[in-house]
Amino acid sequence: MIPFHPENPFPLLDLSSYTYQEAQEHAICVDAHLGLRCESVEKEIRAQAKEDSLFLQNWDHLSVQAFQTPYVEIRNILDLLKLNSGSVLVDLGCAYARMAFVVQRHHPDIQFLGFELEGLRVAEAQRALGATTLVDLQTTDLAKAEFQLPPADVYFIFDYGTEAHVRKTLDDLKVMARSRTIQVVGRGRLTRFLIHKEHPWLCEVEEPSHYSHFSIYRS
């Protein structure tokens with residue numbers, strides 16, 4: 001198991017030193033430490049019973065741990081990215097913005113922007129984070145035709161919606177890469193499958209770095 005220490009809630013561990021289940025169990029302790037009321041918020045989301053929830057893919061039918069990245073893995077990802085001061089990191093489908101908490105503690109010199117479909121999750125993350133100038137969380141539908149990606153150095157995407165939704169976002173990233181060099185962290189089977197199937201500009205120009213649950217791509 002991964003021991004939880006309040007003074008170091010996001011430890012930097014070797015990726016091979018823990019199992020995914022251990023990382024998820026540790027994340028439950030961290031959520032509680034941060035004061036995130038994920039379970040009660042999810043109950044409220046499910047109670048709303050949106051008719052279009054299946055189309056929107058808000059993942060309200062899954063457990064909180066199933067659609068979020070464990071904190072220790074996030075710490076690994078940020079360490080591997082080697083971000084410079086002033087870098088901008090965008091989380092596409094940020095849920096309760098776990099990455100923002102790690103950024104706030106260990107990378108306070110970079111800017112974090114998170115997009116999430118469910119406004120209740122965004123509100124809960126904002127409440128727990130408190131006032132901060134380098135973290136911006138927004139409620140939005142990434143699949144909307146009018147949505148445009150903001151310029152950034154790194155984009156994190158974790159199978160946030162349907163195949164069509166992820167395709168749209170990867171196409172948006174391709175457009176962004178025409179004007180700037182970017183890194184893309186792809187997490188989940190769908191995102192990585194589509195990158196390797198349809199986006200050689202992202203996976204064949206520079207050799208990606210592959211890990212058990214995520215890959216880092218560079219344009």
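So, a few notes on the structure that sits alongside this text.

## Comments concerning the nonpolar core
Reasoning step 1: Leu81, Leu89, Phe112, Leu137 and Val185 are the most contacted members of the largest nonpolar core, which has 38 residues in total.
Reasoning step 2: Contacts of Leu89, omitting those with residues within four sequence positions, involve Leu78, Leu81, Leu83, Met99, Ile110, Gln111, Phe112, Leu113 and Val154.
Reasoning step 3: Leu92, Phe115, Leu173 and Trp201 belong to the second largest nonpolar core, which has 24 residues in total.

## Some points on the sheet that holds strand 1 (residues 88-92)
Reasoning step 1: Read across the open sheet, the 7 strands follow the order 3-2-1-4-5-7-6; overall the sheet is mixed. In this open sheet, the two strands that pair with only one neighbour each are strand 3 (135-139) and strand 6 (209-210).
Reasoning step 2: Pairing analysis gives 2 bridges linking strand 6 to strand 7 (residues 214-218), with the strands arranged antiparallel. Paired with His210 across the strands is Ser215, a residue of strand 7.
Reasoning step 3: Taken strand by strand, helix 8 (residues 189-198) contacts strand 4 (154-158), strand 5 (183-187), strand 6 and strand 7, and its axis lies near 35 degrees from that of strand 7.

## Section: the pattern of salt bridges
Reasoning step 1: On inspection of all chains with the given rule, the structure shows 11 salt bridges.
Reasoning step 2: Across the salt bridge formed by Arg127 and Glu124, the nearest N and O atoms sit 2.7 Å from each other. Taken together, the residues Arg127 and Glu124, both in helix 6 (residues 119-129) and 3 residues apart, mark about one turn of the helix.
Reasoning step 3: Overall, Arg127 belongs to the partly exposed group, its relative accessible area being 41%.
Reasoning step 4: Of the residues examined, Glu124 reaches a relative accessible area of 4% and is grouped as buried.
Reasoning step 5: The salt bridge involving Asp172 is made with Lys168; its shortest N-O contact spans 2.8 Å. Of the two residues, Asp172 and Lys168 are both situated in helix 7 (residues 163-177); the distance of 4 residues between them amounts to about one turn of the helix.
Reasoning step 6: A relative accessible area of 17% places Lys168 in the buried class.

## Quick look at helix 8
Reasoning step 1: Among all positions of helix 8, only Thr191, Arg192, Leu194 and Ile195 are buried. The buried residues of helix 8 occupy one face: seen down the axis, they fall within an arc of 165 degrees. Among the exposed residues of helix 8, those pointing more than 90 degrees away from its buried face are Arg189 and Lys197.
Reasoning step 2: Check the buried side of helix 8 and you find it contacts strand 4, helix 7, strand 5, helix 9 (200-203) and strand 7.

Criteria and cut-off values
- All residue numbers refer to position in the chain's written sequence, counted from 1.
- Predicted model: local features are reported for residues with pLDDT of at least 70 only, side-chain atom pairs are reported and counted for 80 or more only, and whole-chain, interface and lining totals are derived from all residues.
- The basis for the side-chain values is all heavy atoms of the structure; hydrogens and waters are excluded.
- We call a set of buried Ala, Val, Leu, Ile, Met, Phe, Trp, Tyr and Cys residues a nonpolar core when their side-chain atoms join them within 4.5 Å.
- Using a 1.4 Å probe on the protein chains alone, a residue whose accessible area is under 20% of its type maximum counts as buried, one over 50% counts as exposed, and one in between counts as partly exposed.
- Contacts: residue pairs with any heavy atoms within 4.5 Å of one another.
- Strand pairing requires that DSSP identify at least two bridges connecting the strands.
- Helix and strand assignments follow DSSP, with helices taken as H or I runs no shorter than four residues and strands as E runs no shorter than two, numbered in order from the N terminus.
- Axes, fitted as lines to C-alpha atoms, cover a helix only where it is in contact. Angles between the N-to-C directions of the axes lie from 0 to 180 degrees.
- We count a salt bridge whenever a side-chain nitrogen from Lys or Arg sits within 4 Å of a carboxyl oxygen from Asp or Glu.
- By arc we mean the arc of the directions from the helix axis to the C-beta atoms, nothing more.

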